[in-house]
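Overview (structure and organization)
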Amino acid sequence: MRRIVVVGASAAGLAAVETLRREGYDGTLTLVGDEPLAPYDRPPLSKQVLSGEWQPERLDLRTPEDLAALGLDLRFGVAATGLDLAESAVRLADGSAVPYDGLVIATGVRPRRLPGGGAHVLRTLDDALTLRDRLGPGRRLVVVGAGFLGAEAAAVAWRLGADVTVLEPAAVPLAHAVGTEVGQMLSQAHLDRGVNLRCGVSVTEVTEGGVRLADGELVEADEVLVAIGSLPNTEWLDGSGLAVGDGVVCDEYCEAARNVYAAGDVARWYNPLFGTSMRIEHRTNAAEQGMAAARNLLSPQARKPFSPVPYFWSDQYDMKIQAYGFLRGHDEVAVVEGDLAERRFVVAYRTGQRVSGALAVGVPPKAIRRWRQAIATGASWAEAVEVTV
């Protein structure tokens, strides 16, 4: 294998190229990215960058010298437009085609949007800087979507002095993922600070003066942020022959086709630890999966299933939220430490008869790390909860 192409120059793509070099690959290594910037970190966009605490240069994942040392064929600012599996080549927007012996797809996701124009989204550095310039005391911000991204942005805007309204179609934000009681606790954090959180409302379009609800009401705003989830960037793979279904469909090794692997937010792979296919949009998973895909591509005879315990975190107001596992589709939630009302607690999640996840707010990291071990070993719910209680 003398030519490897990695499409996607964010956390997963960077982890892949670094792993390939670290594992001894010395052939041609091309890194393609649709943004003109070198790889940078995205989680701080909705927090430290939006608040103005960090300047853009602090986001750089590697220095120019670090990237140069990898000996990469860098193709920044040019998107992939097609994949020819028969010819083993990636077509780019500039009209060129890059041949490969091995390919890692790490093209990430893009924000979902609403009809109408003028709304902000929050995915790129430009997105964050543009919104940051529009926030401040007295500015009216409507956030559509009370998921983690929307909640983080709302918390920052409130701190900057903006008049914040959050519109959420669900009766309880994030209940489908974290459970109703935890979702209610997170909601109360907004309400306690005077943020106007309205649940059970549906936004149909963005208008010149705000957003229009399904019942015809106009919610006025100076700025609108749409945070209603993401779509995997797979359109460039149409007609390629790869299986695509809410992401690039992969096996437990992250392989989508012979010598073609996927990693990061765009990859839907079978995680044998949980016995299900999943697509994870978290920073830690992107880096870990980029490394795993690179190793499996480079050493097919020694491939290992990618079976992580997913991890994510979120900062909202004075709350540090951490979670391990696969929380969606859980059957039961139990408080195993602390108290929800005090916003210092650990909750555990049961799926079937096993521990499938844990979420903590306001406690030391070690308080939840022991639950990571229970999840990783497939501990039974009865044993794990009994030992804790």
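What comes next concerns the included structure. Note that this is a predicted model, so its numbers are computed, not measured. The numbering scheme is per chain: residues are counted from 1 as the chain's sequence reads. Totals for whole chains, interfaces and linings use every residue, but because this is a predicted model, local features are given only for residues with pLDDT of at least 70 and side-chain atom pairs only at 80 or more, for both listing and counting. Only hydrogens and water are set aside when side-chain values are computed; all heavy atoms of the structure are taken into account.

Some details on the sheet that holds strand 4 (residues 80–84)
Taken in spatial order, the 3 strands make up an open sheet running 4-5-6, and their pairing is antiparallel. What marks the edges here is a single partner per strand, and that holds for strand 4 and strand 6 (97–99). Each strand of the sheet is rotated relative to its neighbour by a mean of 20 degrees, with strand direction disregarded. In terms of strand pairing, strand 4 meets strand 5 (residues 89–92) through 4 bridges, oriented antiparallel. Pairing of G82 across the sheet is with R91, part of strand 5. When DSSP finds two or more bridges between two strands, those strands count as paired. Working definition: helices are DSSP H or I runs of at least four residues, strands are E runs of at least two. Numbering for both runs from the N terminus. Helix axes use the C-alpha atoms of the stretch in contact, all axes being lines fitted to C-alpha atoms, and the angles between their N-to-C directions lie in the range 0 to 180 degrees.

What about the pattern of salt bridges?
Each salt bridge in this description consists of a side-chain nitrogen of Lys or Arg and a carboxyl oxygen of Asp or Glu lying within 4 Å of one another. The tally for this structure, following the rule as stated, stands at 25 salt bridges. R343 is the partner of D192 in a salt bridge, and the nearest nitrogen-oxygen pair spans 2.5 Å. Of this pair, D192 sits in helix 7 (residues 180–192) while R343 sits in the loop between strand 24 (332–339) and strand 25 (344–351), placing them 151 residues apart in sequence. For R198, the salt bridge goes to E217, with nearest N and O atoms at 3.0 Å. On the criterion of sequence distance, the pair formed by R198 in strand 11 (residues 196–199) and E217 in the loop between strand 13 (210–213) and strand 14 (218–220) is long-range, its members being 19 residues apart. Partly exposed residues are those whose accessible area sits between 20% and 50% of the maximum for their type, while under 20% is buried and over 50% is exposed, using a 1.4 Å probe and protein chains only. You can call R198 partly exposed: its relative accessible area is 23%. Using a relative accessible area of 30% as the deciding quantity, one classes E217 as partly exposed.

Examining the sheet that holds strand 12 (residues 203–207)
Taken in spatial order, the 3 strands of this open sheet run 12-13-14, and their pairing is antiparallel. This sheet does not close on itself; its edge strands, each paired only once, are strand 12 and strand 14. Each adjacent strand pair in this sheet contributes to an overall mean axis angle of 25 degrees, direction not counted.

Describing the side chain of R279
Along the chain, R279 falls in the loop between strand 21 (276–278) and helix 8 (283–298). At 2.9 Å, the side chain of R279 and the backbone oxygen of D265 are in polar contact. At 2.8 Å, the side chain of R279 forms a polar contact with the side chain of E281. We define a polar contact as two N or O atoms separated by no more than 3.5 Å, with the added condition that, inside protein, one atom must be a possible hydrogen donor and the other a possible acceptor, whereas residues neighbouring each other in sequence contribute only through side-chain atom pairs.

Any functional reading would require information beyond the geometric quantities listed.
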